[in-house]
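Here's the letter readout for the chains.
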Amino acid sequence: MPSVRLVHRSERLEDGSGVEEGSEIGDGSGVGDGSGADDATEATADADREPTVLAADVEVARSTLEQGRGLMFRRSVPDGYALVFPFDGADTQWLHMLFVPFAIDALWLVDGEVRKRKRLAPFVGLGRGRADTVVELPAGAADGVSVGDEVRLVE
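How each quantity is defined
- Residues numbered from 1 in each chain as written.
- Predicted model: local features only at pLDDT ≥ 70, side-chain atom pairs only at ≥ 80, totals over all residues.
- Heavy atoms only, no water.
- Helix = DSSP H or I, 4+ residues; strand = E, 2+ residues; numbered from the N terminus.
- Buried < 20%, exposed > 50% of the residue type's maximum accessible area, 1.4 Å probe, protein only.
- Contact = heavy atoms within 4.5 Å.
- Salt bridge = Lys/Arg side-chain N within 4 Å of Asp/Glu carboxyl O.
- Polar contact = N/O pair within 3.5 Å; in protein donor to acceptor, adjacent residues only side chain to side chain.
- Pairing = 2+ DSSP bridges.
- pLDDT = per-residue confidence, 0-100.

S.K.: I'd love a proper account of the overall build of the protein chain, names of residues and values included.
M.R.: Broken down by element type, the protein chain carries 2 helices and 8 strands. Its helices and strands in sequence order give the protein chain the pattern β-α-β-β-α-β-β-β-β-β, from N to C terminus. Within the protein chain, buried positions represent 35% of all 155 residues. A fraction of 70% describes how many contacts in the protein chain between residues 6 or more apart in sequence connect residues 24 or more apart.

Have a look at this one:
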């Protein structure tokens, strides 16, 4: 069975600023004005947004039983782990932390785009969001992920 990884591509640059669709990267000095003088700057911006691996140990919960159980009754999950819940279409998806004794980061995705990110507390955490895919990660693993970023499973 091929290994699956969960990768993240940020829409923000290294300095934390975002690049809006249709906006140019530049300071008015001819760089970013479409003159061709900005090739190096655009390449740097694209490099800043190269995918990073969120998790190399990915479990996909496809069956109703796997999705219903989720992370319940586990003592912990290792760093670099993700549990992914794919659904047939985008709809409201609920998560609960009943019988989960550790905090997690949850991502709600629609077509690979992060629509919501939330840290859920052990035992009492509750979250919901519109998604066609939900991802559960160890707490802190999604700190660099923002709404609008891209998160995908890759082989």
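What follows picks up the thread again.
S.K.: For the environment of L71, give the residues involved together with the corresponding values.
M.R.: Tracing the sequence through the fold places L71 in the loop between α2 (64–69) and β4 (81–96). What makes L71 buried here is its relative accessible area of 4%. Taking the C-alpha atoms as reference, L71 lies 6.3 Å from V100; in sequence the two are 29 residues apart. When neighbours within four sequence positions are excluded, L71 is seen to be in contact with V77, Y81, L83, F99, V100, F102, I104 and E136.

S.K.: Before we move on, could you go through the pattern of salt bridges and cite the residues and values that matter?
M.R.: Enumeration according to the criterion identifies 6 salt bridges in this entry. E150 is paired through a salt bridge with R9; the nearest N and O atoms lie 3.3 Å apart. With E150 in strand β8 (residues 150–154) and R9 in strand β1 (residues 5–9), this pair connects stretches of sequence that are 141 residues apart. For D105, the salt bridge goes to R119, with nearest N and O atoms at 2.5 Å. Within this pair, whereas D105 is found in strand β5 (residues 104–110), its partner R119 is found in strand β6 (residues 113–120), the two being separated by 14 residues in sequence. R119 gets classed as partly exposed once you look at its relative accessible area, which sits at 43%. The structure contains a network of salt bridges with shared partners spanning R9, E150 and R152.

S.K.: A description of the side chain of D149 should follow, citing residues and the corresponding values.
M.R.: Mapped onto the elements, D149 comes out in the loop between β7 (126–138) and β8. Within the local environment of D149, its side chain forms a polar contact with the backbone nitrogen of S146, the two atoms lying 2.9 Å apart.

S.K.: Can you explain the pairing of β6? Please cite residues and give values.
M.R.: For β5 and β6, the ladder comprises 7 bridges, and the chain directions are antiparallel. Among the inter-strand pairings, V110 is bridged to a residue of β6, identified as E113. Hairpin geometry of β5 and β6 is characterised by an intervening segment of 2 residues between the two adjacent antiparallel strands and by a positive phi of about 50 degrees at D111.

S.K.: Outline the confidence of the model for the protein chain, listing residues and values.
M.R.: Of the residues in the protein chain, 74% reach a pLDDT of 70 or more, and the chain-wide mean stands at 82. Note on residues 19–47: pLDDT is under 50 here. Beyond four places in sequence and across chains, it has 19 contacts.

S.K.: Tell me about unusual backbone geometry, and name the residues and values.
M.R.: The backbone of D111 shows a phi angle near 50 degrees, a positive value even though the residue is not glycine. As for its position among the elements, D111 is in the loop between β5 and β6. Unusually for a residue other than glycine, F123 sits at a positive phi of about 65 degrees. Along the chain, F123 falls in the loop between β6 and β7.

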